[in-house]
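Below are the chains, spelled out letter by letter.
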Amino acid sequence: MGSPIVWPAEAVWEQVSPLLPGFTVEVLPEIDSTNTELMRRARAGRMEPVLLVAERQSAGRGRLGRGWVSGDHDSLTFSLGLPLAPVSWSGLSLVAGVSLAESLHPRIQLKWPNDLWLDDRKLAGILIETASFGEGREASRYAVVGVGINIAARDAAGLSTVPAWLQEVLPGMQAGEVLLRVAAPLVQAVQAFEAYGFAPFQARFNARDALRDRAVVLSDGTAGTAHGTGESGALLVHTAAGMHAVTSSEVSVRPGTP
Ligand code: BTN
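All values reported here derive from a predicted model rather than from experimental measurement.

Reading guide: rules and limits
Residues numbered from 1 in each chain as written. Predicted model: local features only at pLDDT ≥ 70, side-chain atom pairs only at ≥ 80, totals over all residues. Heavy atoms only, no water. Helix = DSSP H or I, 4+ residues; strand = E, 2+ residues; numbered from the N terminus. Rg over C-alpha atoms; globule rule 2.2 N^0.38 Å. Buried < 20%, exposed > 50% of the residue type's maximum accessible area, 1.4 Å probe, protein only. Contact = heavy atoms within 4.5 Å. Areas by Shrake-Rupley, 256 points an atom, 1.4 Å probe, with all protein chains shown as cover. Lys, Arg positive; Asp, Glu negative; His and termini not counted. Charge placed at Lys NZ, Arg CZ, Asp CG, Glu CD. Pairing = 2+ DSSP bridges. Axes fitted to C-alpha atoms, helices over the stretch in contact; angles between N-to-C directions. Core = buried A, V, L, I, M, F, W, Y, C linked by side-chain atoms within 4.5 Å. Near = heavy atom within 4 Å. Polar contact = N/O pair within 3.5 Å; in protein donor to acceptor, adjacent residues only side chain to side chain. Nonpolar A, V, L, I, M, F, W, Y, C, P; charged D, E, K, R; others polar. Salt bridge = Lys/Arg side-chain N within 4 Å of Asp/Glu carboxyl O.

S.K.: If you had to explain the overall build of the protein chain to someone new, which residues and values would you point to?
M.R.: On a plain count of helices and strands, the protein chain comes out with 5 helices and 12 strands. Computed over its C-alpha atoms, the radius of gyration of the protein chain comes to 18 Å, within 12% of the 18 Å expected for a compact globule of 258 residues. By principal-axis analysis of the C-alpha atoms, the protein chain measures approximately 50 × 50 × 30 Å. When burial is assessed residue by residue, the protein chain has 51% of its 258 residues classed as buried. Nonlocal contacts in the protein chain, meaning residues at least 24 apart in sequence, comprise 66% of its contacts between residues at least 6 apart. Carbon together with sulfur atoms contributes 52% to the accessible area of the protein chain, which is approximately 11800 Å² in total. Charge-centre separation for the protein chain: the mean point of 21 positive side chains lies 4 Å from the mean point of 26 negative side chains.

Right, dumping it as structure tokens:
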């Protein structure tokens with residue numbers, strides 16, 4: 001256990017509250033999962049905009065039913081919850097990834113659909129969940145954007161792949177500083193997505209696309225070459241049967257042998 005983390009909660013609030021009226025920042029020493037907590041609150045009718053940070057998660061969750069494990073003080077784990085009404089939801093996780101990568105470091109790449117990579121190792125992951133509220137014309141949705149970023153070197157024992165950590169490119173950077181760097185740009189990016197969709201982010205994603213022009217294999221066995229994303233955020237994969245647009249968030253993709 002290292003020294004206590006200093007959280008710039010007030011500075012984050014000052015930057016974000018002009019963008020999101022009613023916004024609050026909460027830092028908890030421990031919870032099962034920040035995403036689970038905001039989804040619980042949403043289901044109980046609490047839909048206010050909030051940034052929930054946890055110093056420790058006892059049941060952190062990742063995509064595709066996987067877990068998200070982080071050790072004491074070696075990562076930043078938070079969820080941003082806010083009411084959101086985009087025309088289409090496709091591409092939101094890519095937009096969050098673009099924003100985080102751009103806020104952090106030019107060397108950070110994006111691995112479709114929502115991982116941040118450094119030198120082909122996973123640096124951070126994003127888990128987006130939504131809850132509905134209201135009915136008919138009044139119906140609206142609450143979005144929870146969960147983010148886990150490895151900050152310091154960690155024990156890779158038991159992990160299927162060796163992770164990357166932010167201090168490799170930003171030595172000395174602590175979780176609180178990282179939060180302050182990413183929070184307001186992330187809110188702005190999510191709001192831009194709500195207004196304009198994924199299209200304005202397409203070139204920015206493709207500029208950091210870790211899979212571009214590489215051989216890839218999808219979890220359904222399809223093999224091909226990745227060619228960036230389309231206008232709505234689908235991954236374009238050139239296969240023996242032609243160009244294939246991968247849209248399902250249930251599909252995972254990994255670099256393969258050409
Ligand atoms: C993934 O890589 O599959 C997504 C990982 C997302 C982890 C973050 S940590 C904060 C938030 N709370 C969770 O339980 N998960 C997300």
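S.K.: So what's going on with the sheet that holds strand E2 (residues 50-54)? Which residues, and what values?
M.R.: Ordered in space as E1-E2-E3-E7-E6-E5-E4, the 7 strands form an open sheet in which the pairing is mixed. Whereas interior strands pair on both sides, the edge strands pair on one side only; in this sheet they are strand E1 (24-28) and strand E4 (109-111). Recorded for the sheet is a direction-independent mean angle of 20° between the axes of neighbouring strands. Where strand E5 (residues 115-118) meets strand E6 (residues 121-133), 4 bridges bridge the pair, whose relative direction is antiparallel. Paired with Asp115 across the strands is Gly125, a residue of E6. Contacts from helix H2 (residues 34-43) reach E1, E2, strand E3 (75-84), E6 and strand E7 (140-150), with the element oriented near 140° to E2.

S.K.: With reference to specific residues and values, describe the nonpolar core.
M.R.: Membership of the largest hydrophobic core comes to 62 residues, with the highest contact counts inside it found for Leu51, Leu76, Phe78, Leu80, Leu116, Leu166 and Val178. Looking at this core, the element that brings in the most residues is helix H4 (residues 175-196), giving 11 residues. In terms of nonpolar packing, the next biggest core, distinct from the first, is built from 9 residues, Met47, Val50, Leu52 and Val144 among them.

S.K.: Residues and numbers for the site of the ligand, please.
M.R.: The local shell around the ligand holds 20 residues, among which Ser33, Gln57, Arg61, Arg63 and Lys122 are the closest. Taking Arg61, its main chain carries an N or O atom lying 2.7 Å from a nitrogen atom of the ligand. The side chain of Lys122 places a nitrogen or oxygen atom 2.4 Å from an oxygen atom of the ligand. Relative to its free-state accessible area of 420 Å², the ligand is covered by the protein chains to the extent of 98%. Where the shell around the ligand is concerned, the elements lending two or more residues are H2, E3, E6 and E7. Considering each element in turn, the shell around the ligand owes the most residues, 4 residues, to E6. Grouping the amino acids of the shell around the ligand by side-chain chemistry returns 5 nonpolar, 11 polar and 4 charged.

S.K.: Any chance you could break down the pattern of salt bridges for me, citing the residues and the numbers?
M.R.: Within this structure, the stated rule accounts for 12 salt bridges. With its nearest N and O atoms 2.7 Å apart, the salt bridge here joins Arg40 to Glu37. Of the two residues, Arg40 and Glu37 both sit in helix H2, 3 residues apart, roughly one turn of that helix. You can call Arg40 partly exposed: its relative accessible area is 35%. Looking at Glu37, the relative accessible area reads 14%, which means it is buried. The network of salt bridges with shared partners includes Glu26, Asp32, Glu37, Arg40 and Arg41.

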